[in-house]
Amino acid sequence: MEDSIKPEPSLEERLKLVSKVTDHINKQRGEYTAVIPGSAPGDLFATNSFSTGIISFDMATLVGGIPRGTIAEFYGPPSGCKSLVAYKTIAQTQKKGGIVILADAERSYTPEWGAKHGINNDHLILLRSRTAQEYADDICAYLRSAPIDLVVIDSVSALLPKKIDENSADTNITGALALAMSILLNKISVDMYNNKMRPTSIIFINQIRDQMGGMMGKGSFGAVQYKTTGGRALPHYAKLRIEFRSGEPIKKGNHQIGYEVNGLVKKSKVSSARNNRFKFRFLNGIGIDLTNELIETAKLYGVLTMKGGGVYYIADDPKPVARGRDALYELLESSEEMRNKVDGLVRQFIGATANEDNSEGDED
């Protein structure tokens, strides 16, 4: 009786059977549909990111910006620079040879403003479909057939549900938009990985709305709650959620010349960056003050130090680079070599400043 019992197959034999099934699935469904991570090509799970060009933002994410193959959500009240940060990300992606789709549901993009912030209009796909469902179909048509690196959807609130387009205006737009977003995300989340060795990143720009009533903490019945538009699908699908809010005004004499923008990483499934904060300045007629935020970030991480008399030094370099903040600002504005040097030194700290107390991937 004991002689008839077959010995249990070894791990090596079982892995061979698994490998056969894996190969069969990949032949039927496409390469890398089924993967054994340990034996997969290194590029398949690469965590390279698209920089926003805004160094404080890139540092706050701990991964250098928007990781490839990630759905990200930028949200907040008006004048939070959400679209502008997305434009900067488009420009940086194009500089590295990437192809970008801008789904301009708000019909707000102008080539002049985009070019001012570094966008190459000759290499940009500007998509202006009618309904949310049409945007889903059109974007997926590109994703299935072309190596698209980045898609920016501006904005969720401006997407027109097909149900609203076909029916009367008294249709429940909240429910219709939530359903449309669920459909759009279901389609895009599959097709963004169609080119598995070069997955696409998606940035959704979203707005917030006041919602009266309900409970908001202890004893605060009826308080105003702030909700993003488009239902709950996007907060679940997004691996990275960034909140933007305008802050203190910047004045020159009695005139306001801009304002500070405060950012917060509300969710991250790509690093332990949750609750990391960042800040930059927006100047009227100019946009994001990249030189100022490079200086502030370099000072924060010790790349730039100041000694007596307001003389600035680069870390480990005994030779002074500028006397006074204004002189340093002018130097970084005029010298691309010096700017790149400071920028490169600061970016060496990306990923090295993660807070051990931050939680990683704790939201669905």
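Below, the structure is looked at part by part.

Each value, and the rule that gives it
Residues numbered from 1 in each chain as written. Predicted model: local features only at pLDDT ≥ 70, side-chain atom pairs only at ≥ 80, totals over all residues. Heavy atoms only, no water. Core = buried A, V, L, I, M, F, W, Y, C linked by side-chain atoms within 4.5 Å. Buried < 20%, exposed > 50% of the residue type's maximum accessible area, 1.4 Å probe, protein only. Helix = DSSP H or I, 4+ residues; strand = E, 2+ residues; numbered from the N terminus. Contact = heavy atoms within 4.5 Å. Axes fitted to C-alpha atoms, helices over the stretch in contact; angles between N-to-C directions. Left-handed = near helix turned anticlockwise from the far one by under 90°. Nonpolar A, V, L, I, M, F, W, Y, C, P; charged D, E, K, R; others polar. 1 Å grid on protein atoms, 1.4 Å probe; cavity = no way out; pocket = protein on both sides within 12 Å on 5 of 7 lines; lining within 4 Å. Points joined across faces, edges and corners; volume = space filled by probe spheres on them. Salt bridge = Lys/Arg side-chain N within 4 Å of Asp/Glu carboxyl O. Phe/Tyr/Trp six-rings, centres within 6.5 Å; stacked < 30°, edge-to-face > 60°. Lys NZ or Arg CZ within 6 Å of the ring centre and 35° of its normal. Pairing = 2+ DSSP bridges. Right-handed = clockwise from strand over helix to strand, strands pointing away.

### Some thoughts on the nonpolar core
Generally speaking, soluble globular proteins have nonpolar side chains that are buried together.
Now for step 1: In this structure, Phe57, Phe74, Val85, Ile90, Phe244 and Phe280 are the most contacted members of the largest nonpolar core, which totals 34 residues.
Now for step 2: In terms of residue count, the dominant contributor to this core is helix H3 (residues 82-95) (six residues).
Now for step 3: Not counting the four nearest positions on each side in its chain, Phe244 is found in contact with Phe57, Phe74, Tyr75, Gly76, Pro77, Gly80, Lys82, Val85, Val261, Asn262, Phe278 and Phe280.
Now for step 4: By size, the runner-up hydrophobic cluster in this structure holds 28 residues, among which are Ile101, Ile139, Cys140 and Leu177.

### Concerning the packing of helix H9 (residues 290-300) against helix H10 (residues 325-334)
Now for step 1: Contact geometry for H9 and H10: axes closest at 10 Å, N-to-C directions at 115°. Two packed elements cross with a definite hand, and for H9 against H10 that hand is right-handed. In contact with Thr291, Asn292, Leu294, Ile295 and Glu296 of H9, H10 contributes Arg325, Leu328, Tyr329, Leu332 and Glu333.
Now for step 2: For the contact of H9 with H10, the per-class residue count stands at five nonpolar, two polar and three charged.

### Section: the layout of surface pockets
Now for step 1: Taken as a whole, the largest pocket holds about 960 Å³ of empty space.
Now for step 2: If you go around the largest pocket, you meet 30 residues; those closest to its centre are Tyr226, Lys227, Thr228, Thr229 and Gly231.
Now for step 3: Those elements that provide at least two residues to the lining of the largest pocket are strand E3 (71-76), helix H7 (173-191), strand E7 (201-211), strand E8 (225-228), helix H8 (233-237) and strand E9 (240-252).
Now for step 4: Counting residues per element, the lining of the largest pocket draws most heavily on E7, which supplies four residues.
Now for step 5: Taken as a whole, the second largest pocket spans an internal volume of roughly 600 Å³.
Now for step 6: Along the walls of the second largest pocket sit 25 residues, with Gly53, Gln92, Lys95, Leu290 and Arg339 positioned nearest its centre.
Now for step 7: Take the lining of the second largest pocket: its biggest share by element is five residues, from helix H11 (residues 336-347).
Now for step 8: A per-class count over the lining of the second largest pocket returns seven nonpolar, eight polar and 10 charged.

### Regarding empty space enclosed by the protein
Now for step 1: Using the criterion set out here, one finds one cavity of 30 Å³ or more in the structure.
Now for step 2: Quantified by volume, the largest cavity comes out at close to 50 Å³.
Now for step 3: Every residue along the wall of the largest cavity is listed here: Leu143, Ala146, Pro147, Ile148, Asp191, Met192, Asn194, Asn195, Arg198 and Thr200.
Now for step 4: Its residues assigned to classes, the lining of the largest cavity shows five nonpolar, three polar and two charged.

### Quick look at the pattern of salt bridges
Now for step 1: Counted according to the given criterion, the structure contains 15 salt bridges.
Now for step 2: For the salt bridge of Asp137 with Lys187, the shortest nitrogen-to-oxygen distance reads 2.6 Å. One end of the pair, Asp137, is in helix H5 (residues 132-145); the other, Lys187, is in helix H7, with 50 residues separating them in the sequence.
Now for step 3: On the accessibility criterion, Asp137 (40% relative accessible area) is partly exposed.
Now for step 4: Assessed through its relative accessible area of 33%, Lys187 is described here as partly exposed.
Now for step 5: A salt bridge links Lys299 to Glu296, with the nearest nitrogen and oxygen atoms 3.9 Å apart. Taken together, the positions of Lys299 and Glu296, both in helix H9 and three residues apart, correspond to about one turn of that helix.
Now for step 6: Using a relative accessible area of 36% as the deciding quantity, one classes Lys299 as partly exposed.
Now for step 7: A cluster of three or more residues bridged by salt bridges with shared partners is formed by Asp58, Asp343 and Arg347.

### Things to note about the packing of aromatic side chains
Now for step 1: Within the structure shown, the criterion is met by eight aromatic pairs.
Now for step 2: Aromatic side chains Phe74 and Phe244 sit 5.3 Å apart centroid to centroid with 65° between the ring planes, which places their arrangement in the edge-to-face category. Highlighted residues: Phe74 in strand E3 and Phe244 in strand E9, separated in sequence by 170 residues. Per residue, the accessibility class of Phe74 equals that of Phe244, and both read buried.
Now for step 3: Taken together, the ring pairs connect Phe57, Phe74, Phe244, Phe278 and Phe280 into an aromatic cluster.
Now for step 4: The aromatic ring of Tyr313 is capped on one face by Lys307, whose charged end is 4.7 Å from the ring centroid.

### Things to note about the pairing of strand E5 (residues 124-127)
The two faces of a sheet get side chains in turn, since along a regular strand they alternate between them.
Now for step 1: Of the pairings in the sheet, the one linking strand E4 (residues 100-104) to E5 comprises four bridges and is parallel in character. Each bridged residue has a counterpart across the sheet, and for Val100 the counterpart in E5 is Leu124.
Now for step 2: Read from E4 through helix H4 (residues 111-116) to E5, the crossover connection turns out right-handed.

### Topic: the sheet that holds strand E14 (residues 311-314)
Now for step 1: Pairing is antiparallel in the open sheet, where three strands are placed in the order E13-E14-E15. Two strands bound the open sheet, and with one partner strand each, they are strand E13 (304-307) and strand E15 (320-323). Averaged over all adjacent pairs, the angle separating strand axes in this sheet is 30°, with direction ignored.
Now for step 2: Packing against the sheet, H10 makes contact with E13, E14 and E15, and its axis sits at approximately 120° to E15.
Now for step 3: Running over the sheet, H11 touches E13, E14 and E15 and is turned about 65° from E14.

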